[in-house]
Amino acid sequence: MEFEKLKQIIVDEVSHVDASKITMDARFIDDLEMDSLDVVQVVMAIEAQFGIEVPDDAAEHMTTVSDAVKAIQEAIGAKNK
């Protein structure tokens, strides 16, 4: 569920990303050709979409789609405590 929402966020926020290249193993910079500003934009959209706050340290270590899904799941878990 988080993956599908994240995939849509990436496509909506970063127009040059090919949706077919977005997999759990895809790296934002190397595979999806995003720059650091694109990543920040996606993190902000994640926070808005999911109603969560992604901690700065988690955002800094987010290099793959899988990392982002994990950060979303952890933030949702922390929010629901």
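Up top you'll find the structure we're talking about.
Everything in this summary refers to the structure shown in the same document. (Residues numbered from 1 in each chain as written. Predicted model: local features only at pLDDT ≥ 70, side-chain atom pairs only at ≥ 80, totals over all residues. Heavy atoms only, no water.)

## Regarding the overall build of the chain
- When helices and strands are tallied, the chain shows four helices and zero strands.
- Walking the chain from its N terminus toward its C terminus, one meets helices and strands in the order α-α-α-α.
- The C-alpha radius of gyration computed for the chain amounts to 12 Å, which stays within 12% of the reference 12 Å derived for 81 residues, consistent with globular compactness.
- For the chain, the spread of C-alpha atoms along the three principal axes comes to 35 × 25 × 20 Å.
- The buried share among the 81 residues of the chain stands at 37%.
- Carbon and sulfur atoms make up 49% of the accessible area of the chain, which amounts to about 5000 Å² in all.
- Each charge class in the chain can be summarised by its mean position, and for the 7 positive and 18 negative side chains these summaries are 7 Å apart. (Helix = DSSP H or I, 4+ residues; strand = E, 2+ residues; numbered from the N terminus. Rg over C-alpha atoms; globule rule 2.2 N^0.38 Å. Buried < 20%, exposed > 50% of the residue type's maximum accessible area, 1.4 Å probe, protein only. Areas by Shrake-Rupley, 256 points an atom, 1.4 Å probe, with all protein chains shown as cover. Lys, Arg positive; Asp, Glu negative; His and termini not counted. Charge placed at Lys NZ, Arg CZ, Asp CG, Glu CD.)

## Here's the deal with the nonpolar core
- By size, the foremost hydrophobic cluster in this structure holds 27 residues, and its most contacted members are L6, I10, F28, M34, I46 and V65.
- Sorting the residues of this core by element identifies α1 (2-13), α2 (36-50) and α4 (65-79) as the ones contributing at least two each.
- F28 has contacts with I10, E33, M34, V39, M62, T63, T64, V65 and A68, leaving out every residue within four places of it along the chain. (Core = buried A, V, L, I, M, F, W, Y, C linked by side-chain atoms within 4.5 Å. Contact = heavy atoms within 4.5 Å.)

## As for α4
- With 15 residues, α4 should reach 21 Å at 1.5 Å per residue; the first-to-last C-alpha distance of 21 Å fits that figure.
- Every buried residue of α4 is listed here: V65, A68, V69, A71, I72 and A75. For α4, the angular spread of buried residues about the axis comes to 160 degrees, placing them on one side. For α4, exposure combined with an orientation more than 90 degrees from the buried face picks out K70 and A78.
- On the buried face of α4, the contacting elements are α1, α2 and α3 (56-60). (Expected span 1.5 Å × (residues − 1). Arc of directions from axis to C-beta.)

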